[in-house]
Amino acid sequence: MQRKRYSPGSAPGTFLGLGAGLAVTLGALTGCSAADPTEDVALDAKAGVAAAPVAPPGRYRTLFEPCRAVPHATLRELLPGTTAMTDADRAKVFRGTPAVTYDTDRRVGCTWNADAENGAHRLVLDVERVVSYDPTVSDAARAQEVYTRKQLAAGIAVPETPPSTPTSPSAPPSTAPPTSPSTSADPATPATPTTGAATAGTTGTGTAGAETASPTGAPGTGATGTPSAPATTGLEPRTLGGLGEIAFVDDTLGKPGGDGQQRVVSVVFRTSNVIVTVEYRQRTTGAAAAPDSKELQDRAQNLARLLADRLEE
C-alpha cells in the first residue's frame, strides 16, 4: 500500500489555527476582567468608610478611700461633740462608717456621727466616678448630665444657652408701600390720640391705672403695684465658683418640732468624670435656736475644697 506523501503546508496551517484560537480565548478572558471596573470602585468605597470618632475617656480611673480623706483636725471642727469623748470613742467616730458599694472604683462613701448636749452633727461623703458606655459620649459629658440633674433637684436653675440669632422685640416692617398722609386720613376726622395718658385711662396700665388696681396698703407692693423682690442673704441655694469645674450649694431647714430643728447643707462639685457630694447636717434639741446657715455652709465648703485638692494630687 502506498503511503501518503507528507505535505509541507499542512503543519503551518495547524499551528496558525491553534494560535488564532488561543488569541480568541485570551481576548475573552481579558475582556471579562476589564469589563466591570465598578466592582473595584465599590470595594474601594467600602474599604474607605471612616469609623465614628471615639470620645476620650475620663480623667479618673479609680477613687480615693473616703474614710481616710478627711483629716482629724477637720473632723474635730465638723463634729464638735467629739471634744467631750474619750480617746477611744473619738477614734471610733473618726474612723467613720464606709458606705456599702459593689464597685469601689465607681462609687465610695463614708459617714461620721457625733452627738452633743444641744444636738448632733452628721457628715456624709459620697464620691462617684461616672463612666459612659456610649463610645460617642465622653465620661466627662456623661458626668455633667448627672451633675445637672442634681442641681435641678436642688431647685437651682441651669443657665440656658443663648440663641445664636436673637429675636428682635419689634415687629417686622410691613412690605406694603407707605400711604400718603393726604389719602390715609380724612381731613375732617380728627386723629385719635395715642398718648400714654389716654392709653392708661382705657387699659389701666399707666400710673393712674396701677394706683387704682392695686389695693391701698397692700404689703410688698410699690407705688406702681409691682411686688418687691424678696431680700436675699447670700446664703440661699446657688452655684459656687472656684470649686472643681462646676459646683453648687444647697441649704434646707426643716420645720421646727418638739425635738428641735435640723438643717442640711450639701455641697456638690464635679471634676472631669468624678462628682463629689459633701452633706453636712446639724440637729438641735428642744427650744434651741435653729442651726446657723453660714457656719454650716462655710464648714462644708472648706471640706469640699480640701477634697477637690485631693483629686488634683
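What you are looking at is a predicted structure, and each value in this text was computed from that prediction instead of being measured.

Criteria and cut-off values
Residues numbered from 1 in each chain as written. Predicted model: local features only at pLDDT ≥ 70, side-chain atom pairs only at ≥ 80, totals over all residues. Heavy atoms only, no water. Buried < 20%, exposed > 50% of the residue type's maximum accessible area, 1.4 Å probe, protein only. Helix = DSSP H or I, 4+ residues; strand = E, 2+ residues; numbered from the N terminus. Pairing = 2+ DSSP bridges. Disulfide = S-S within 2.5 Å. Core = buried A, V, L, I, M, F, W, Y, C linked by side-chain atoms within 4.5 Å. Contact = heavy atoms within 4.5 Å.

Caption draft 1: View of the pairing of strand E3 (residues 119-129). Most of E3 is tucked away: eight of the 11 residues are buried. In the sheet, strand E2 (residues 107-116) pairs with E3 via 10 bridges, with the strands oriented antiparallel. Within E3, the position partnered with Arg-107 by the bridge is Glu-128. Following E2, the chain reverses through two residues before pairing antiparallel with E3.

Caption draft 2: Representation of the state of the cysteines. In the structure shown here, the tally under the stated rule is one disulfide. Across the disulfide from Cys-67 sits Cys-110; the S-S distance is 2.1 Å. Measuring the twist about the S-S bond at about 105 degrees, one finds the Cys-67-Cys-110 disulfide to be right-handed. Pair noted here: Cys-67 is in the loop between helix H2 (38-47) and helix H3 (72-78) and Cys-110 is in strand E2, with a separation of 43 residues, a long-range link. The class for Cys-67 is buried, based on a relative accessible area of 11%.

Caption draft 3: Broad picture of the nonpolar core. With 36 residues, the main nonpolar core has Phe-269, Val-276, Val-278 and Leu-307 as its most contacted residues. Those elements that place two or more of their residues in this core are H3, helix H4 (87-95), E2, E3, strand E5 (246-253), strand E6 (262-271), strand E7 (274-284) and helix H9 (293-312). Broken down by element, this core gets its largest block of residues, seven residues, from H9. When sequence neighbours within four positions are dropped, the list of residues in contact with Leu-307 reads Phe-64, Ala-69, Leu-125, Phe-269, Val-276 and Val-278. Counting nine residues, the second largest nonpolar core, distinct from the first, contains Val-146, Ala-154, Ile-156 and Ile-275.

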